[in-house]
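Examination of the molecular architecture
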Amino acid sequence: MVMDKIALTLLIIGGLNWGSVGLFKFDLVAFACGGSGSMISRVIYTLVGLSAVWCISLLFRDKDPVEQRS
């Protein structure tokens with residue numbers, strides 16, 4: 001459950017970043033981390049990509065998280 005929230009948070013950050021690239025041609029991650037080729041930017045891009053792979057599993061889970069709490 002914690003991993004799901006972390007992955008979703010990273011995907012939201014990645015989605016907002018891609019939105020800013022598409023709308024304004026401004027890559028916030030690259031700007032904040034010294035360019036798109038810097039090691040820190042590459043780590044962030046990789047974490048966002050791994051989060052997307054993790055979130056694919058959310059589509060195929062049997063139980064709804066709301067049902068688990070009751």
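This section reports on the structure supplied with the text. Source: prediction; values computed, not measured.

1. A look at the pattern of salt bridges
Scanning the entire structure with this criterion turns up one salt bridge. Of the charged contacts in the structure, one is a salt bridge between Arg61 and Asp4, with a shortest N-O distance of 2.5 Å. Of this pair, Arg61 sits in the loop between helix H3 (39–59) and helix H4 (65–69) while Asp4 sits in helix H1 (residues 2–24), placing them 57 residues apart in sequence. Look at Arg61 and you get partly exposed, because its relative accessible area is 38%. Owing to a relative accessible area of 12%, Asp4 belongs among the buried residues under this scheme.

2. So, the packing of aromatic side chains
In this description, an aromatic ring pair is defined by two values, namely the gap between the centres and the angle between the planes. Taken as a whole and assessed by the stated rule, the structure comprises one aromatic pair. Relative to Phe31, the ring of Phe26 lies with its centre 5.3 Å away and its plane at 50°, an arrangement referred to as tilted.

3. Considering the packing of H1 against H3
When two helices pack together, their arrangement is given by the angle between the helix axes and the distance between those axes. Taken N-terminus to C-terminus, the directions of H1 and H3 make an angle of 125°; their axes are 8 Å apart at the nearest point. Classified by the interaxial angle, the pair formed by H1 and H3 is oblique. Once H1 is placed against H3, the crossing between them reads as left-handed. Residues Met3, Asp4, Ala7, Leu8, Leu10, Leu11, Gly14 and Asn17 of H1 form the contact with H3, whose own contacting residues are Tyr45, Leu47, Val48, Ser51, Ala52, Trp54, Cys55 and Leu58. Partitioned by chemical class, the residues of the contact of H1 with H3 number 12 nonpolar, three polar and one charged.

Reading guide: rules and limits
Numbering of residues starts from 1 in every chain and runs along the sequence as written. Owing to the predicted nature of the model, reporting of local features is limited to residues with pLDDT of at least 70; listing and counting of side-chain atom pairs is limited to 80 or more, with chain, interface and lining totals taken over all residues. Think of the side-chain values as coming from all heavy atoms in the structure, minus any hydrogens and water. A side-chain nitrogen of Lys or Arg and a carboxyl oxygen of Asp or Glu constitute a salt bridge if their distance falls within 4 Å. In DSSP terms, a helix is any run of H or I states spanning at least four residues, a strand is any run of E spanning at least two, and both are numbered starting from the N terminus. Each residue's exposure class comes from its accessible area (1.4 Å probe, protein chains only) as a fraction of the maximum for that residue type: buried when under 20%, exposed when over 50%, partly exposed otherwise. Only Phe, Tyr and Trp rings take part, Trp by its six-membered ring, and two of them pair if their centres are within 6.5 Å. Stacked means planes under 30 degrees apart, edge-to-face means over 60, and tilted covers everything else. To define axes, lines are fitted to C-alpha atoms, for helices over the stretch in contact only, and angles between the resulting N-to-C directions are given on a 0 to 180 degree scale. Orientation categories follow fixed angle ranges, with anything under 35 degrees roughly parallel, anything over 145 roughly antiparallel, 65 to 115 roughly perpendicular, and all other angles oblique. Handedness of a helix crossing follows the sense of rotation of the near helix relative to the far helix, less than a right angle counterclockwise being left-handed and clockwise being right-handed. Here, residues are in contact when the closest pair of their heavy atoms is within 4.5 Å. Residues are grouped as follows: Ala, Val, Leu, Ile, Met, Phe, Trp, Tyr, Cys and Pro are nonpolar; Asp, Glu, Lys and Arg are charged; every other residue, Gly included, is polar.

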